[in-house]
Amino acid sequence: MIGEIAEFASLLLHRRWSAERTRAHRDERIRTLVAHAYENVPYYRRMMDARGLKPQQIRSARDLEALPVTTKQDLRAAGTDCVDPRATDLYRVATSGSSGEPFEQILTQAEYRRRRLREFRSLIGVGLKPLDRLAVLGPVRTRPRRLHRSLGLYRIEVIPFDARPEEQARRIERACPDVLWIYSTVLKQVLSHTGGRLSDLARPRLLISSSQVLDSPFRQQLLDDLPGARIAELYGSAEAGRIAAGCREDDGLHLEDDAVHVELLEGGRRVEEGEEGTTVITCLDQWAMPLIRYEQGDRCRMRPGRCRCGRSSPLMDSPLGRCADMITLPSGRRLSALAFDAVVRQVPGLVQYRFVQRRRDRLEAQFCFQTPPPAGVLEEIAGRVREVLREQVEVSVGLFGVEEIRGPKFKSVVSLLEEQATGPGPE
Ligand SMILES: [Zn+2]
């Protein structure tokens, strides 16, 4: 307990580090991590030997680029060879993964504890206060538990994401949360059963959204319903824990740069600041099963400049989705859900939408409205979608009921291209 408090205090102190101090810490961790992985983890030793690399050559984050990117498939194929055989007292975190194939990240109990403490730090960072009642609605993997509970603070109620919507609604109402942590599709399902307004159940002053991209119409609907409330975003993964989190400024997410080194790549190269890329991460605190240049596979974009809150850690935009959730156009160009954001933001009365692609030259837009839209609206939307695509694609827009397009596995962009089912799509 005392050790946990001391560890948490030191994690809080990291938040005050200058950018230089954090960089020095990161590079020192990278040197130690690479040396450890080479010594103790067969997968990394083989990889480096095959390229004639010695750990001493990796001195900084920049040097890491000499190592190839590791994918989930690589680690799955490596089996126990990607784990330090000396590590004991293990904790396994299952990843969901859209492929449906199971994959586990292995942590020591100490690593898992650190992950929980970082999670708690993120919650405080976005504005959770000691006397708040926090309700969690969704499959939240890591929750801060012992520390605050033993202090009698930060009361938390977990509402199972797979309970019936009526039951979830009842529990939200009973919990009367100051802070509501949501999985956005789960909250949508609850609201579709209770008349659409969260304010009828509870009036949290802060909503925290994680794990799923919070689409603009829903975000706006929540803010309109709860004047003065804030929405904070968290970004993370089962493999790495929290990767980035918002702050009280609600203007971008801070990288958890004392624990995770993030690269954004496109076609194997680092993107320029402000450009979209695929996340590749190196976890600085995970030693039992090291992740070094691991392809996380989310589409993200860094922001230039510093945050008004004063913290030095870099800012990124909200994640734009996963690579698998993108559509591929006839030219091979890929588009993320965000491309349609501007289109759907302008559609009044829109409750939910989804874009489904079965062929490269065809896109089906599925829309659900509060009340049937006036004539001509759907055709107008289709026209605006075509403008975004800028290629020869047949766009159809259909009206759907909310139950037809929602579900716990909801995605706003679904690609069902045959080519993706049988092999990797074009880059
Ligand atoms: Zn900030």
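Along each chain, residue indices are assigned from 1 in the same order as the chain's sequence is written. Where local features are concerned, this predicted model is filtered to residues with pLDDT of at least 70; where side-chain atom pairs are given and counted, the filter is 80 or more; whole-chain, interface and lining totals use all residues.

Trainee: Kindly report on the overall build of the chain, identifying the contributing residues and their values.
Mentor: We count a stretch as a helix when DSSP gives it H or I for four or more residues in a row; a strand needs E for two or more, and each element gets its number in order from the N terminus. From N to C terminus, the chain includes 13 helices and 21 strands. A residue is called partly exposed when the number of other C-beta atoms within 10 Å of its own lies between 12 and 20, exposed at 12 or fewer, and buried at 20 or more, with C-beta atoms placed from the backbone. Burial status across the chain gives 36% buried among its 427 residues. Long-range contacts, defined as pairs at least 24 residues apart, comprise 63% of the intrachain contacts of the chain with a sequence gap of at least 6. Once C-beta atoms have been placed from the backbone, residue pairs whose C-beta atoms lie within 7 Å are recorded as contacts.

Trainee: I'd like to hear about helix α7 (residues 165-175), residue by residue, with values.
Mentor: Listing the buried residues of α7 in full gives Q168, A169, I172 and A175. Along the axis of α7, the buried residues cluster in a sector spanning 135°; they form a single face. Facing away from the buried side of α7, by more than 90 degrees, are the exposed residues E166 and E167. Check the buried side of α7 and you find it contacts β3 (133-137), β4 (155-159) and α8 (184-193). As used here, the arc is the angular range of directions from the helix axis to the C-beta atoms.

Trainee: For the packing of α7 against α8, give the residues involved together with the corresponding values.
Mentor: The geometry of a pair of packed helices is captured by two quantities: the angle between their axes and the separation between those axes. Orientation is described by lines fitted to C-alpha atoms, with helices fitted over the stretch in contact, and by angles between N-to-C directions that extend from 0 to 180 degrees. The geometry of α7 relative to α8 is characterised by a closest axis approach of 9 Å and an angle of 95° between their N-to-C directions. Overall, the two elements α7 and α8 adopt an arrangement that is roughly perpendicular. Taken together, the residues of α8 that come into contact with α7 (itself represented by P165, E166, Q168, A169 and I172) are Q189, V190 and H193. Note that Gly is not counted as nonpolar here; it falls among the polar residues with everything else outside the nonpolar set of Ala, Val, Leu, Ile, Met, Phe, Trp, Tyr, Cys and Pro and the charged set of Asp, Glu, Lys and Arg. For the contact of α7 with α8, the class distribution of residues is 4 nonpolar, 3 polar and 1 charged. Any angle between 65 and 115 degrees counts as roughly perpendicular, while under 35 counts as roughly parallel, over 145 as roughly antiparallel, and the rest as oblique.

Trainee: A description of the pairing of strand β20 (residues 394-399) should follow, citing residues and the corresponding values.
Mentor: Residues in a regular strand point their side chains to alternate faces of the sheet. Between any two strands, at least two bridges found by DSSP are needed for them to pair. One ladder, built from 6 bridges, connects strand β19 (residues 362-369) with β20; its direction is parallel. The residue of β20 that forms the bridge with E364 is S396. The crossover handedness rule: strands pointing away from the viewer, path from first strand over the helix to second strand clockwise, crossover right-handed. Viewed along the sheet, the connection from β19 through helix α11 (residues 377-389) into β20 turns out right-handed.

Trainee: So what's going on with helix α3 (residues 42-50)? Residues and values would help.
Mentor: By the burial criterion, the buried members of α3 are Y43, Y44, M47 and M48. Buried residues in α3, looked at end-on, bunch into an arc of 120°, giving them a common side. For α3, the exposed residues set more than 90 degrees away from the buried face come down to D49 and A50. Where α3 is buried, its residues contact α2 (19-40) and α4 (72-78). Residue G52 follows α3 closely and has a positive phi angle near 65°.

Trainee: Can you break down the pairing of strand β2 (residues 104-108) residue by residue, with the values?
Mentor: Only one face of β2 is covered, namely the face carrying Q105 and L107; the face carrying E104, I106 and T108 is uncovered. Pairing analysis gives 5 bridges linking strand β1 (residues 90-94) to β2, with the strands arranged antiparallel. The residue bridging A94 from the neighbouring strand is E104, located in β2.

Trainee: Which residues make up unusual backbone geometry, and what values go with them?
Mentor: Positive phi, normally seen in glycine, also occurs at C176, with a value near 45°. Along the polypeptide, C176 turns up in the loop between α7 and β5 (179-182). Judged by the 13 C-beta atoms lying within 10 Å of it, C176 falls in the partly exposed class. For R390, which is not a glycine, the phi torsion comes out positive at approximately 55°. Examined against the element boundaries, R390 turns out to sit in the loop between α11 and β20. Judged by C-beta crowding, with 11 C-beta atoms within 10 Å, R390 ranks as exposed.

Trainee: Go over the sheet that holds β20 with me, naming the residues and quoting the values.
Mentor: Sheet architecture is open: 4 strands sit in the order β20-β19-β18-β21, paired in mixed fashion. Each of the sheet's edge strands pairs with one partner strand only, and the pair in question is β20 and β21 (413-415). Ignoring which end each strand starts from, the neighbouring axes of this sheet average 20° apart. Of the pairings in the sheet, the one linking strand β18 (residues 350-359) to β21 comprises 3 bridges and is parallel in character. Paired with Q357 across the strands is S415, a residue of β21.

Trainee: Report on the environment of P319, specifying residues and quantitative values.
Mentor: Among the structural elements, P319 can be located in the loop between β14 (315-316) and β15 (321-322). On the basis of neighbour count, P319 is assigned to the buried category, with 23 C-beta atoms found within 10 Å. Residues P319 and E233, 86 residues apart in the sequence, show an inter-C-alpha distance of 9.6 Å. Setting aside chain neighbours within four positions, we find P319 in contact with V213, Y235, D298, R299 and C300.

Trainee: So what about the nonpolar core? Which residues, and what values?
Mentor: Joining buried Ala, Val, Leu, Ile, Met, Phe, Trp, Tyr and Cys residues through C-beta atoms within 7 Å gives a set, and that set is a nonpolar core. In terms of nonpolar packing, the biggest core is built from 79 residues, with L137, I182, I208 and I281 touching the most fellow members. A domain-level breakdown of this core finds at least three residues from each of domain 1 (2-112 + 239-246 + 250-323) and domain 2 (127-237). Apart from the residues within four sequence positions on either side, L137 is in contact with I159, F161, Q168, I172, L180, W181, I182, Y183, V186 and L187. Of all hydrophobic cores here, the second largest spans 16 residues; its members include M326, I327, L335 and L363. Domain start and stop positions are those given by an automatic or database domain assignment.

Trainee: Talk me through the confidence of the model for the chain; I want residue IDs and the actual numbers.
Mentor: Per-residue confidence from the prediction method is given by pLDDT, with values spanning 0 to 100. When pLDDT is averaged along the chain, the result is 86, and 87% of the positions lie at 70 or above. Averaged over each element, pLDDT in the chain is lowest for helix α13 (residues 418-422) (44) and highest for α3 (98).

Trainee: I'd love a proper account of the environment of A288, names of residues and values included.
Mentor: When you line up the elements, A288 lands in the loop between β12 (276-283) and β13 (294-303). Taking the C-beta count within 10 Å as the criterion, A288 has 24 such neighbours and is therefore assigned buried. Once residues within four sequence positions are removed from consideration, A288 is found in contact with V83, D84, A87, L90, I106, L107, T108 and E111.

Trainee: Talk me through the packing of helix α1 (residues 2-14) against helix α5 (residues 109-126); I want residue IDs and the actual numbers.
Mentor: Their axes nearest at 10 Å, the elements α1 and α5 cross at an angle of 50°. Taken as axis vectors, α1 and α5 run oblique relative to one another. α1 and α5 meet at a crossing whose hand is right-handed. Contacts between α1 and α5 involve E4, E7, F8, L11 and L12 on the former and, on the latter, R113, R114, L117, R118 and R121. The residue makeup of the contact of α1 with α5, split by class, is 4 nonpolar, no polar and 6 charged. Two helices that cross are described as forming a left-handed crossing if the nearer one is turned anticlockwise from the farther one by less than a right angle, and a right-handed crossing if clockwise.

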